[in-house]
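Summary of structural features
Residue strings, one per chain:
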Amino acid sequence: MRESSVSSIAADSPETTWAFPGDPKRMADAIRALSMDAVQKANSGHPGMPMGMADVAVALWSAHLKHNPADPRWVDRDRFVLSNGHGSMLLYSLLHLSGYDLPMDELRAFRQLHSRTPGHPEVDVTPGVETTTGPLGQGIANAVGMALAERLLAAHFNRDGYPIVDHLTYVFMGDGCMMEGVSHEACSLAGTLKLSRLVALWDDNGISIDGETRHWFADDTARRFEAYGWHVIAGVDGHDPWAVARALEMARDWAVNGRDGRFAPTLIDCRTTIGKGSPARAGTSKAHGEPLGADEIAATRAALGWSAGPFEVPADLAAAWDARARGAAAQQAWQSLFDRYAQAHPELARDFLRRMRGELPDAWDDIVDAAVADANTRAETIATRKASQNALQTFGPALPEMLGGSADLTGSNLTDFKGATALRATEQGVTEPGRHINYGVREFGMAALMNGVALHGGFIPYGGTFLTFSDYSRNALRMAALMRRRVIHVFTHDSIGLGEDGPTHQAVEHAASLRIIPNMDVWRPADPVETTIAWALSIERVQGPSALLLSRQALPFVSRSDSQIEAIRKGGYVLRDAQGAQIALIATGSELGLALAARDLLAAQGIQVRVVSMPSTSVFDRQDADYKLHVLPARMPRMAIEAGVSDGWWKYHCDAVVGLDRFGESAPAGVLFKTFGFTPENVVDTAKEVLRRRRSQRSRA
Ligand SMILES: Cc1ncc(C[n+]2csc(CCOP(=O)(O)OP(=O)(O)O)c2C)c(N)n1
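Turning next to the overall build of the protein chain. On a plain count of helices and strands, the protein chain comes out with 27 helices and 21 strands. In summary, the protein chain has a C-alpha radius of gyration of 28 Å against a globular reference of 27 Å for 701 residues, a match within 12%. Considering only C-alpha atoms, the protein chain reaches an extent of 90 × 60 × 45 Å along its principal axes. Residue burial in the protein chain is summarised as follows: out of 701 residues, 63% are buried. A separation of at least 24 residues holds for 78% of the contacts in the protein chain among residues at least 6 apart in sequence. Just so you have it, the protein chain exposes about 25,900 Å², and 50% of that area is on carbon and sulfur atoms. Measuring between centres, the 71 positive side-chain charges of the protein chain sit 5 Å from its 82 negative side-chain charges.

On to the site of the ligand. Around the ligand, the structure places 16 residues, and the nearest of them are His-86, Gly-176, Asn-205, Ile-207 and His-288. One of the backbone nitrogen or oxygen atoms of Gly-134 is found 2.8 Å away from a nitrogen atom of the ligand. Ile-207 places a main-chain nitrogen or oxygen 2.7 Å from an oxygen atom of the ligand. Coverage of the ligand by the protein chains reaches 74% of its 590 Å² of free accessible surface. Elements represented by at least two residues in the shell around the ligand include exactly α7 (175–179) and β5 (207–208). Of the residues assigned to the shell around the ligand, the class counts are six nonpolar, seven polar and three charged.

Following the sequence through the fold, His-489 ends up in strand β13 (residues 488–492). Owing to a relative accessible area of 2%, His-489 belongs among the buried residues under this scheme. Apart from the residues within four sequence positions on either side, His-489 is in contact with Ala-447, Met-450, Gly-463, Leu-477, Ser-546, Ala-547 and Leu-548.

Side-chain direction in a regular strand flips from residue to residue, so the side chains alternate between the two faces of the sheet. Counting buried positions over the five residues of strand β10 (residues 402–406) gives five, a clear majority of the element. On β10, burial covers both faces: Met-402, Gly-404 and Ser-406 on one face and Leu-403 and Gly-405 on the other are all buried. Bridging between β10 and strand β12 (residues 460–466) involves three bridges; their strand directions are parallel. Within the sheet, the bridge partner assigned to Leu-403 lies in β12 and is Pro-461. In this sheet, strand β11 (residues 436–438) lies alongside β10 in parallel orientation, the contact comprising three bridges. Across the sheet, residue Gly-404 finds its bridge partner in β11, namely His-436.

With that settled, the discussion passes to the nonpolar core. Residues Phe-395, Trp-535, Ile-539, Leu-632, Met-639, Ile-641 and Phe-678 are the most contacted members of the largest nonpolar core, which totals 85 residues. The contact partners of Leu-632, leaving out residues within four places of it in the chain, are Ala-584, Ile-586, Arg-610, Val-612, Met-614, Phe-620, Arg-638 and Tyr-652. Residues Val-165, Val-182, Phe-338 and Leu-423 belong to the second largest nonpolar core, which totals 82 residues.

About the thresholds
- Residues numbered from 1 in each chain as written.
- Predicted model: local features only at pLDDT ≥ 70, side-chain atom pairs only at ≥ 80, totals over all residues.
- Heavy atoms only, no water.
- Helix = DSSP H or I, 4+ residues; strand = E, 2+ residues; numbered from the N terminus.
- Rg over C-alpha atoms; globule rule 2.2 N^0.38 Å.
- Buried < 20%, exposed > 50% of the residue type's maximum accessible area, 1.4 Å probe, protein only.
- Contact = heavy atoms within 4.5 Å.
- Areas by Shrake-Rupley, 256 points an atom, 1.4 Å probe, with all protein chains shown as cover.
- Lys, Arg positive; Asp, Glu negative; His and termini not counted.
- Charge placed at Lys NZ, Arg CZ, Asp CG, Glu CD.
- Near = heavy atom within 4 Å.
- Polar contact = N/O pair within 3.5 Å; in protein donor to acceptor, adjacent residues only side chain to side chain.
- Nonpolar A, V, L, I, M, F, W, Y, C, P; charged D, E, K, R; others polar.
- Pairing = 2+ DSSP bridges.
- Core = buried A, V, L, I, M, F, W, Y, C linked by side-chain atoms within 4.5 Å.

As C-alpha cells, then:
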C-alpha cells in the first residue's frame, strides 16, 4: 500500500510568508456583505456558501490566482470553477471586486432578467465565468477537462524555455458535488492521469439542504481522494486565510514539481461554517438557500463590525481587491514570452492561436470536399459507425485539435483512427500529446469532461458510447447545448439494428429525446456520404454540440446527384422523386434503404413516391419556409419511417409513422426489423392506407 499522502496543514507547515494586499478578514467580509445584500434584494439565492467560503476565496483570489480582469479570455490564465454554483454571489463578488467588467449595478440586479448576474453562473454571460455551473458535480468534472486540456496543449506546444501553456485549474466544490456520482468518475480519472495542476478546494461545512450531512454522507472523503491517487491536505481551517494560502502554496509547488516526485491533483479540505458571520443562521441549513432577512442582516453587520451600507465597499478594501495592475503585469510577462516563442517557432505559434480561437485551417473546405468525394466514389455498403471512422481517418490527421475517445467501447464506437495515439500518463503526469482518451466506463464523466475541454479551448473533443447510454450523460449534453460549446458525441448501436444484445442496449426513445434538447444538433446519417457531411458540419458548428447516431449494422450505399450531396447540409432533402408524386416517405439512417425499397414496390403498383432523407431534423427545421415547403409540399401526404418512438415525427404533419413505440427484443437484427414491421411490405401497406384515408376524406368533403 502507498504511504498515506494525507497531510494536515496545522501539523506540518510553517506560517505562510504571503502578505495579503489588505486585511484578509475585512476583504472576506466585503464578500459576505455583498452576498447577503444581493440575495436579500433579489429575495432569493444562496447566502450561506459565499459567506462560508469567503476566507478561502480571499486566499485564492488575492494571493494565488493568475488572471487579468481586463482580459478574461487571456489564454494562459488560471481557470477557476465554482462547482457549487448555487454560491454564485461569491463569484460575482470576486469578479466585481477584482475589477472585471461587472459593475455594482449588476450585483444589485442579481437574478433579474437580462442581468449579467443570473441565479447560477453562466459562461459568456458574465466576464470571468469559465463554465456554467449549478448542476452539482459537473463543475469539478469540467475542471478535470480543463486541466487535461492544459496538459495536452503544454505537451504539444511548449518548447524548452517557452512554457507558453502554464496554468492551473482551481475548483471550489461542496458536499453536494462530493456526493454526486459524476465527481467520482471525473476525480478517479484525474487521479489516474495525474493531473497535478488541478487543485480542488472542498467547502467542508457538513451541511446541505436537508440538514447535517453526517446522516447521509459519512464517507471518509480524504481517504476517498487518496485512493484516487490525489494529494490531500486535510483539516485546513477554512476561516484562517493564512492557513488556506499556505495550503495553496503547497498545492502549487506539488502541481509543478510533484510532491516527493509524485504528481497528482490536490484536494484541500477546508473546514468551514456555512453562513459564517450570521449570528442566528451560521452553521445551519437555513443559511443555505434563503435570504437572511433584514433583522438578521443587521445582526450580521453588527457581529462582523461592518458599517458600510448595502452595495458599498470601503475605498481601502476596493483598492486591496483590485487585481487589475497585477493581472496586466502577469499577462504582459506572458505576452513577451509568447512573442519570443512566435519568433523561434512561428508555425507552432500560429497554430496555437488558431486553435485557441477555435478556427479551422484554411484548407478545411478542400479537405471536406475531398473526403465527401472519396466516400461517394468508394460507394461502400458499410455500417455508419465504420463510415464515421473513415471520415475521422481524414479529419483527425488534418485537425490536430480533434481529441477523441470512448467510454470503454473504442472497438465498437470506432472513434479512433490510425495514428491516434492513446493518452497515457507518465510518472510526471500527462507529458505526451495523446489523441485518443480511454475514458473508462464513465459516460457522464466523459461528457462533462469534454465540456471542460471545449471550454478551455484548443480542442474539438469528441467521444463515443452506445446511444442507449446517452441517458447516463444526458445532463452534460444539455449543459454543452446551454453553454453553446462544440462537443461531438458519437453514439453508435443506434436501434434494434444492434440485434442480440436486446432491449437494454437498443435505443428506442433516444433519437427523439436528444432532438428535443434546444441547440443540440442530432444526425442520423444513412450512408458514408451523409456520415462524412454530418461529421464536417459537427466540426464546423462552433455554437453547440452535435450527436451522431450511427448504426452497428451495414447499410446500403445511396447514389446521389451533386446537388443532392450539397443538400445534405440542409438536414433534409429530396432524394428520389417522381412526376406527380402522391406521397412522401421521410426516413433517417438505417430506414432510408427501407424507404427506397418500398418506393420501388409502390412504383410497380403505379403509386408515385417521393423519398425524403432527413439525417438531421434540427438542421432541417432551421431552413427557411420555402425550402421546407419545397421538400415537403403542404398538400403532399407524408409518412415517416424510423426505428424509434414515433413522437417527434408528428410535427411534420405525418399521416402515419412506421416507428417503434415499445422496447425491443433480443434477437438477430433481421428478425427484429421484420417483427416490428420495418419491412418494405409494411411500409407499402401503410402508404396505401394513408392514400386510401386521404381519398375517403376528400370524397366526404
Ligand atoms: C445535480 C443537482 N442536484 C440537486 C441540486 C439542488 N441543490 C442545490 S444546492 C444543494 C445542496 C448542496 O449542498 P452543499 O454542496 O453542501 O452546499 P452548501 O449547503 O454547503 O451550500 C442541492 C441539493 C443541484 N443544484 N444539482
